[in-house]
Amino acid sequence: MFAVPLGDDAELCPLEPWQAGEFLAHMDRARDLVGEHIGLADAVSDPASALALLTAYAQKQAADTGRIYGIRVGSTLVGGVLFRVFDAKAGNCEVGCWLEPAATGRGLVTRAARVLIDWAVEERGMHRVEWRVSTGNAASIRVAQRLGMVREGVLRAEYQHRGRRADAEVWSVLAPEWRAARPSQEALRQAP
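Visitor: I'd like to hear about the side chain of H161, residue by residue, with values.
Guide: Here H161 shows up in strand β7 (residues 150–161). Here H161 falls in the buried class, since its relative accessible area comes to 8%. Residue contacts for H161: discarding those within four places in its chain leaves G35, E36, H37, I38, G39 and D42.

So this is what it looks like as structure tokens:
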């Protein structure tokens with residue numbers, strides 16, 4: 001298995017169906033925080049649903065329509081990032097994230113998302129990378145800002161979450177913007 005170092009004893013690595021038990025244990029630790037804004041916490045509630053989600057992403061990867069990766073600190077799965085949408089033909093994708101409480105405030109999601117965006121833009125030729133976030137999710141909005149994304153607007157009552165309609169902000173970065181910002185991103189990566 002490959003892993004991409006993220007610094008601070010953290011790494012980014014694939015999440016695969018055979019890791020469903022570990023993924024469920026992680027989601028149990030993350031459930032309250034993750035469930036505030038996204039449905040992942042509700043979708044992964046038992047061994048069968050954990051396996052189903054990771055299998056669905058394995059199928060998406062095989063079809064080149066999505067991917068899922070874990071963020072580990074030491075040997076512990078503490079969060080992840082994914083391509084929820086990946087349309088190579090159109091050159092558009094959407095990156096998403098989640099993290100358990102013990103791993104917040106360390107910049108792990110920002111560093112992991114940079115790896116995904118670099119790969120999407122430079123290796124796969126993506127032109128547009130989106131970040132959709134609940135309007136109430138200040139931490140995720142700060143990640144979009146740190147990634148140099150532009151806030152495009154709010155999709156009112158865009159999705160249902162726990163029986164309520166919720167608004168989503170749409171942020172994006174275009175390939176030329178991402179490439180132009182690379183020197184400043186490199187400086188951020190090396191900052192203490």
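Here the narrative resumes.
Visitor: Outline the pattern of salt bridges, supporting the account with residue identities and numerical values.
Guide: Enumeration over the complete set of coordinates arrives at 14 salt bridges. E169 is the partner of R151 in a salt bridge, and the nearest nitrogen-oxygen pair spans 3.1 Å. With a gap of 18 residues between them, R151 in strand β7 and E169 in strand β8 (residues 164–174) connect regions that are remote in the sequence. Since its relative accessible area comes to 44%, R151 is described here as partly exposed. The class of E169 is buried, set by a relative accessible area of 8%.

Visitor: Could you give an account of the nonpolar core, with specific residues and numbers?
Guide: Formed by 35 residues in total, the largest nonpolar core has its most connected members in I71, W131 and M149. With eight residues, helix α4 (residues 108–123) is the single largest residue contributor to this core. Listed in part, the 18 residues of the second largest apolar core include F23, L24, L40 and Y57.

Visitor: Kindly report on helix α3 (residues 47–62), identifying the contributing residues and their values.
Guide: Because each turn of an α-helix spans 3.6 residues, side chains separated by three or four positions in sequence point in the same direction. Compared with an ideal rise of 1.5 Å per residue, which puts 16 residues at 22 Å, α3 spans 22 Å between its outermost C-alpha atoms and is within 8% of the ideal. Along α3, the residues that are buried comprise S49, A50, L53, L54 and Y57. Within α3, the buried residues cover an arc of 130 degrees as seen down the axis, which keeps them to one side. In α3, the exposed positions angled more than 90 degrees off the buried face are occupied by P47, A48, Q59 and A62. For α3, the elements touching its buried residues are α1 (20–35), α2 (40–43), β3 (67–73) and β4 (76–87). D64 lies just past α3 and shows a positive phi near 60 degrees.

Visitor: Could you give an account of the packing of aromatic side chains, naming the residues involved and the relevant values?
Guide: The tally for this structure, following the rule as stated, stands at four aromatic pairs. Seen in terms of ring centroids, F83 and W119 are 5.8 Å apart; in terms of plane orientation they differ by 45 degrees. Their pairing is tilted. Residue F83 is located in strand β4, and its partner W119 is located in helix α4; the two are separated by 36 residues in the primary sequence. Relative accessible area serves as the criterion here: at 0%, F83 is assigned to the buried category. Counting every residue linked through ring pairs, the aromatic cluster contains F83, F86 and W119.

Rules behind the numbers
Residues numbered from 1 in each chain as written. Predicted model: local features only at pLDDT ≥ 70, side-chain atom pairs only at ≥ 80, totals over all residues. Heavy atoms only, no water. Helix = DSSP H or I, 4+ residues; strand = E, 2+ residues; numbered from the N terminus. Buried < 20%, exposed > 50% of the residue type's maximum accessible area, 1.4 Å probe, protein only. Contact = heavy atoms within 4.5 Å. Salt bridge = Lys/Arg side-chain N within 4 Å of Asp/Glu carboxyl O. Core = buried A, V, L, I, M, F, W, Y, C linked by side-chain atoms within 4.5 Å. Expected span 1.5 Å × (residues − 1). Arc of directions from axis to C-beta. Phe/Tyr/Trp six-rings, centres within 6.5 Å; stacked < 30°, edge-to-face > 60°.

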